[in-house]
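Inside the fold
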Amino acid sequence: MAAEIPPLVFMRGITKRFLGVKANDAIDFDVRPGEVHTLLGENGAGKSTLMNVLCGLYKPDGGEIEIEGELRRFRTPRDAIAAGIGMVHQHFMLVPAQTVWENMVLGLDALPQVLPRKDIVRRIEEISERYALRVDPLAPVWQLSIGEQQRVAILKALYRQARILVLDEPTAVLIPQEIQSLFATIRQMRGEGHGIVFISHKLDEVLAVSDRISILRKGKKIGTFAAVGVTKEKLAEMMVGRQVFFNGAPPTTERGPVFLAVRDLVVRGERGNIAVQGVSLELRQKEIFGLAGVAGNGQLELCEAMVGLRGSESGDVLVQGREMGNASPRAFLDRGVAYIPEDRKGTGLVPSMNIRENVVLRKYWKKPFARGRWFIDWEVAAGHTGRLVERFGVITPGLGIPIRALSGGNLQKLMLARELSDNPKAIIAVQPTWGLDVGATEYVRERLLEQRDRGAAVFLVSEDLEELLALSDRLAVIHQGRIMGITKNPRALSEEDLGLLMAGTSLEDVLRGREERGDAPLPGPLRDPGTFFAGDGAAQKKAFRAEGGEGRTPWA
Amino acid sequence: MEMLVPILAAAVRSGTPILYATLGEILTERSGILNLGLEGLMLVGAFTGFSVASGTGNAWLGIAAAFLSGCLLALVHAFLCITGRANQVVSGLALTMFGTGLSSLLGRGFIGETILGIGGMTIPLLSEIPVLGPTFFDQDPLVYLSYGLAVFLTWFLWSTRAGLALRAVGDAPRVVDAMGLSSTRLRYLYTVIGGGIVAVGGAYMSVVYTKMWGDLMTAGRGWIAVALVIFAIWHPLRAVGGAYLFGGVGALQLRIQAAGTSIPAPLLLMLPYVFTIFVLFVISVRKGKGILLGAPASLGQPYHREERD
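The rules behind the values
- Residues numbered from 1 in each chain as written.
- Chains lettered and ligands numbered in written order.
- Predicted model: local features only at pLDDT ≥ 70, side-chain atom pairs only at ≥ 80, totals over all residues.
- Heavy atoms only, no water.
- Helix = DSSP H or I, 4+ residues; strand = E, 2+ residues; numbered from the N terminus.
- Expected span 1.5 Å × (residues − 1).
- Buried < 20%, exposed > 50% of the residue type's maximum accessible area, 1.4 Å probe, protein only.
- Polar contact = N/O pair within 3.5 Å; in protein donor to acceptor, adjacent residues only side chain to side chain.
- Patch = residues over 30% accessible without salt bridge, like charges linked within 9 Å, V, L, I, M, F, W, Y side chains within 5 Å.
- Areas by Shrake-Rupley, 256 points an atom, 1.4 Å probe, with all protein chains shown as cover.
- Salt bridge = Lys/Arg side-chain N within 4 Å of Asp/Glu carboxyl O.
- Pairing = 2+ DSSP bridges.
- Core = buried A, V, L, I, M, F, W, Y, C linked by side-chain atoms within 4.5 Å.
- Contact = heavy atoms within 4.5 Å.
- Buried area = accessible area lost by both parts, 1.4 Å probe.
- Nonpolar A, V, L, I, M, F, W, Y, C, P; charged D, E, K, R; others polar.
- Lys, Arg positive; Asp, Glu negative; His and termini not counted.
- Charge placed at Lys NZ, Arg CZ, Asp CG, Glu CD.
- Phe/Tyr/Trp six-rings, centres within 6.5 Å; stacked < 30°, edge-to-face > 60°.
- Lys NZ or Arg CZ within 6 Å of the ring centre and 35° of its normal.
- Axes fitted to C-alpha atoms, helices over the stretch in contact; angles between N-to-C directions.
- pLDDT = per-residue confidence, 0-100.

Digging into helix α4 (residues 88–107) of chain B
Residues and elements named next belong to chain B. Taking 1.5 Å of rise per residue, 20 residues should cover 28 Å, and α4 covers 28 Å from first to last C-alpha, within 8% of that figure. Among all positions in α4, only Gln88, Ser91, Gly92, Leu95, Thr96, Gly99, Thr100, Ser103, Ser104 and Gly107 are buried. Where α4 starts, the residue carrying a side-chain oxygen 2.8 Å from the main-chain nitrogen of Val89 turns out to be Asn87.

Here it is, written out as structure tokens:
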């Protein structure tokens with residue numbers, strides 16, 4: 001063993017506590033030049049904390065960091081950047097209001113005080129050419145798609161001549177095609193001798209891209225393995241600490257009547273833009289209707305309109321055939337529509353109120369919780385809450401504590417307890433497993449399937465294609481507020497096909513592409529034009545006019 | 001046209017204190033700190049400027065002292081809001097009350113006194129341009145300084161490295177920290193300098209405009225400036241137009257009174273404030289187009305680097 005090259009990074013015995021909880025407990029981690037070293041673990045296992053220590057954002061309570069064999073102490077991110085560490089955070093760390101080139105040079109000392117814009121733009125173009133990371137340096141970041149923003153974040157690290165790149169859950173927000181091009185970029189950087197830390201909890205991706213894999217669980221390192229020769233099942237078991245089964249749910253055999261329908265719905269978003277552009281769909285009882293799409297394509301606005309939280313510009317929502325107009329959320333609730341919103345601590349629950357109060361929030365005016373016209377019967381409420389907490393397995397020190405003290409999984413269980421306990425006829429669930437660990441995710445999925453089998457119409461909005469393909473009986477894809485297509489047979493579609501639809505490729509082009517590639521023709525029901533159809537043309541035309549569009553509609 | 005010139009010139013002059021206050025607050029708010037203490041800062045600036053000018057006989061020294069007094073008071077706000085992560089609205093309101101009371105208390109002995117102050121300075125050639133000349137270039141040095149300041153701040157914000165960091169910290173302090181700068185240091189810096197500039201606006205009232213000290217002499221101009229920052233969408237050059245618009249409403253109101261009308265004087269005096277409410281109303285109705293993009297995204301929100309979000 002002569003003259004071994006020292007690793008680019010060597011983190012030794014890193015410990016970091018938050019309010020007494022050990023988020024990292026004596027973790028060793030190293031990255032060699034020209035390798036992809038994956039950090040695998042569930043949410044809350046301590047992956048991001050470890051990387052925030054590496055990039056100088058957190059000060060470790062114990063342990064040391066060596067860069068190319070040299071002991072370093074990072075007091076601020078500046079030190080880490082100077083040592084060649086480039087972090088691509090999960091939330092990218094970009095200033096949305098500023099342009100790409102401005103984001104690129106923020107905080108760079110090597111530049112003159114008056115910024116040489118032309119030189120910067122040229123340099124960005126050089127690097128983006130070399131790594132095939134296409135972006136417009138003059139575009140403001142908020143106008144870019146999520147995939148483009150990620151390219152900017154990677155470029156930013158390369159612009160700073162980072163030798164070690166940390167990619168924190170880079171695939172969570174990408175469509176399959178974008179993931180492939182990200183992997184190509186990662187392989188190129190690896191080939192040039194960069195060290196890459198890849199963070200993820202998606203096992204297929206991890207196996208596809210890694211050289212070595214380190215597994216974290218509850219703040220501790222379980223071990224480090226070569227990617228060759230490990231199986232998905234083995235990794236999952238080490239990550240979760242028990243055996244996990246990868247099985248999709250059996251699809252429903254019989255679908256019930258239409259319960260909730262949306263007709264030519266046009267809804268405005270927060271910024272006054274038209275977020276939902278003439279959507280029509282029907283939710284039937286005894287089915288899970290999935291909606292795939294990249295975040296911010298109108299899903300949220302559509303769901304809010306479907307439960308009465310957001311008024312519509314035109315079109316209508318019908319519950320059991322009855323037009324709801326712009327009825328209040330309570331009117332929807334009274335007709336049996338439950339809502340599981342994306343932000344549990346905002347729209348869903350009130351963080352400063354206790355469990356009891358949060359549970360009765362959706363029905364305190366009704367018997368038996370109402371006592372007379374003005375009061376609430378807290379004893380009845382407590383009894384009811386106690387039963388729910390037990391039935392749904394919410395772990396809590398007491399019913400009187402503010403719910404902000406609960407973990408994400410327990411919050412979601414509480415949400416489900418409140419929304420599902422009255423046997424709703426329709427459930428609108430937005431990203432119900434987002435940010436949950438494997439156990440809680442399994443639990444939530446089981447509850448949704450249970451509700452479907454009981455006869456409820458479930459509308460499931462998710463960015464997790466795996467989840468949608470596993471649970472949905474029917475699946476629609478939304479892009480820029482328009483339905484790109486609806487299929488009765490989601491499992492026949494590949495993730496790539498869905499990715500193209502999510503990126504805005506028309507259904508015709510996707511089908512043509514399949515033929516050209518010589519893929520197997522889509523099976524049975526998909527060929528039937530009645531079951532896989534593009535969104536309603538007339539409604540889209542109307543939305544186009546409402547937006548001020550003139551002449552021929554581009555998609556007609 | 002000839003008749004209009006005195007009104008336009010008066011609009012610029014009475015708009016100048018508002019302009020300083022607005023520019024100072026734009027600087028502060030661009031860093032993400034909301035300072036509602038403008039009225040207090042202006043009053044303290046007006047008093048400090050006047051008393052130092054009166055004591056030393058040097059009006060420029062008065063302006064400099066006013067700047068420092070504003071910095072000092074804004075430092076209190078910065079400490080409470082950045083280090084103490086206090087509610088910025090409450091801290092700002094407290095600052096207004098404190099500044100109002102302090103200037104009233106200390107200023108009692110100066111009531112009725114007058115100083116030479118800073119006189120006019122006509123700029124040759126430029127002042128001979130018809131209408132524009134007498135409006136903009138037959139003024140005093142501090143008016144010219146305010147033009148320079150607005151242009152400088154615009155250049156600073158969009159052309160320099162430091163300006164880039166300032167805009168970034170108001171939008172995304174976490175990003176700024178991740179990029180190796182200190183959000184805390186930047187916020188302190190611009191809150192303090194911004195406060196100084198606001199106080200110069202107050203000093204302009206006492207040292208240049210009226211050349212005397214009067215209790216509560218800023219009469220709500222600080223609040224107008226708070227509204228103007230929104231009106232200007234946090235842009236220094238748009239603040240110039242806005243400040244003169246408000247200055248013009250004030251100047252016009254005086255002319256109408258002087259011309260003698262049947263409209264009661266208190267109603268006319270209300271004009272600038274009614275106009276402020278009107279402008280804010282129009283902006284909030286039109287909200288969603290440019291406004292949301294101009295506002296620093298993290299304005300008013302306390303931030304701590306190691307807090308998990």
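Some details on a nonpolar patch on the surface
All names here are of chain B. Together, Val89, Val90, Leu93, Met97 and Trp223 give the surface a local cluster of nonpolar side chains, amounting to about 460 Å² of exposed area. Broken down by element, the nonpolar patch gets its largest block of residues, 4 residues, from α4. Among the secondary structure elements, Leu93 is positioned in helix α4. Using a relative accessible area of 34% as the deciding quantity, one classes Leu93 as partly exposed.

Some words on the pairing of strand β11 (residues 258–268) of chain A
Residue and element names in this part refer to chain A. In the sheet, β11 pairs with strand β12 (residues 274–284) via 8 bridges, with the strands oriented antiparallel. Counted as the bridge partner of Val266 is Gln277 from β12. Looking at chain direction, β11 and strand β14 (residues 314–319) are connected through 5 bridges and run antiparallel. Looking at β14, one finds that Ala261 is bridged to Leu318.

Focus: the nonpolar core
Residue and element names in this part refer to chain A. Core analysis: the largest hydrophobic core is formed by 159 residues, its most contacted members being Met11, Met51, Val105, Leu106 and Ile186. Ignoring sequence-local partners within four residues, the contact set of Met51 consists of Met11, Phe29, Leu39, Met87, Val166, Val197 and Ile199. Counting 45 residues, the second largest nonpolar core, distinct from the first, contains Ile403, Leu465, Leu493 and Met502.

Let's talk about the interface of chain A and chain B
Chain A puts 33 residues into the contact, and the matching count from chain B is 25 residues. Interface area for chain A against chain B, summed over the two sides, is near 2700 Å², with a carbon-plus-sulfur share of 60%. Considering only the side of chain A, the residues that lose the most area to chain B are Met93, Leu106 and Gln113 of chain A, jointly responsible for 21% of the buried surface there. Taken together, chain A and chain B are joined by 1 salt bridge. Remark: the boundary between chain A and chain B carries 9 residue pairs in polar contact (both at pLDDT 80 or more). Within the residue set of the side of chain A that touches chain B, elements represented by two or more residues are β1 (9–18), α2 (77–82) and α3 (100–105) of chain A. Tallied by class, the residues present in the side of chain A that touches chain B amount to 17 nonpolar, 7 polar and 9 charged.

Let's talk about a negative patch on the surface
Residues and elements named next belong to chain A. A cluster of acidic side chains, namely Glu125, Glu126, Glu129 and Asp136, defines a negative patch on the protein surface. Tracing the sequence through the fold places Glu126 in helix α4 (residues 117–130). For Glu126, a relative accessible area of 52% gives the class exposed.

With respect to unusual backbone geometry
Residues and elements named next belong to chain A. Omega for the peptide link from Lys367 to Pro368 comes to 0°, which places this bond in the cis form. Within the element layout of this structure, Pro368 appears in the loop between α12 (355–360) and β17 (370–371). A positive phi angle, close to 50°, is found at Gln320, a residue other than glycine. As for its placement among the helices and strands, Gln320 is situated in the loop between β14 and β15 (322–323). For Gln480, which is not a glycine, the phi torsion comes out positive at approximately 45°. Secondary-structure assignment places Gln480 in the loop between β21 (474–479) and β22 (482–487).

Side note on the packing of aromatic side chains
All chains considered together, the criterion is met by 18 aromatic pairs over all chains. Seen from their ring centres, Phe289 of chain A and Phe459 of chain A are 5.7 Å apart, and the 45° between their planes marks the pair as tilted. Of this pair, Phe289 of chain A sits in strand β13 (residues 287–292) while Phe459 of chain A sits in strand β20 (residues 457–462), placing them 170 residues apart in sequence. Per residue, the accessibility class of Phe289 of chain A equals that of Phe459 of chain A, and both read buried. When the centroid spacing of 6.3 Å and the interplanar angle of 25° are considered together, the rings of Tyr204 of chain B and Tyr209 of chain B count as stacked. Assessed through its relative accessible area of 31%, Tyr209 of chain B is described here as partly exposed. Within the aromatic cluster, the residues linked to one another by ring pairs are Phe136, Phe137, Tyr144, Tyr147 and Tyr244 of chain B. Taking NZ or CZ as reference, Arg373 of chain A lies 5.5 Å from the ring centre of Trp374 of chain A, over its face. Against the face of Tyr443 of chain A rests Arg447 of chain A, its NZ or CZ located 4.5 Å from the ring centre.

A word on the sheet that holds strand β8 (residues 195–200) of chain A
Strands belonging to one sheet form pairs held by backbone hydrogen bonds; the direction of such a pair is parallel or antiparallel. All names here are of chain A. A sheet is described by the order of its strands in space; here 6 strands give the open sequence β6-β7-β8-β3-β9-β10, paired in mixed fashion. With partners counted over all chains shown, the strands left at the sheet margins are β6 (85–88) and β10 (220–226), one partner each. With direction set aside, neighbouring strand axes in the sheet form an average angle of 15°. One ladder, built from 6 bridges, connects strand β3 (residues 35–40) with β8; its direction is parallel. Looking across to β8, one finds that Leu40 is bridged to Ser200. Its contacts with the sheet put helix α5 (residues 146–159) on β6 and β7 (164–168), and the angle it makes with β7 is roughly 160°.

Quick word on the confidence of the model for chain B
All names here are of chain B. For chain B, the mean per-residue pLDDT works out to 90, and 95% of the residues sit at or above 70. When mean pLDDT is taken per element in chain B, helix α9 (residues 183–209) scores highest with 97 and helix α13 (residues 291–294) scores lowest with 56. What the predictor reports for the complex is a pTM of 0.78 with an ipTM of 0.83.

Brief notes about the pattern of salt bridges
Where charged atoms from two side chains of opposite charge come close, those side chains can pair. Residues and elements named next belong to chain A. Enumeration over the complete set of coordinates arrives at 29 salt bridges over all chains. Of the charged contacts, one joins Asp204 and Lys232 as a salt bridge, the two residues approaching to 3.4 Å between their closest N and O atoms. One end of the pair, Asp204, is in helix α7 (residues 203–209); the other, Lys232, is in helix α8 (residues 232–240), with 28 residues separating them in the sequence. In this structure, the salt-bridge partner of Lys366 is Asp334, at a minimum N-O distance of 3.9 Å. Of this pair, Lys366 sits in the loop between α12 and β17 while Asp334 sits in helix α10 (residues 329–334), and the two are 32 residues apart along the sequence. In this structure Lys366 comes out as partly exposed when scored by relative accessible area, which is 32%. Linked by salt bridges that have partners in common, Arg12, Glu64 and Glu66 make up one network.

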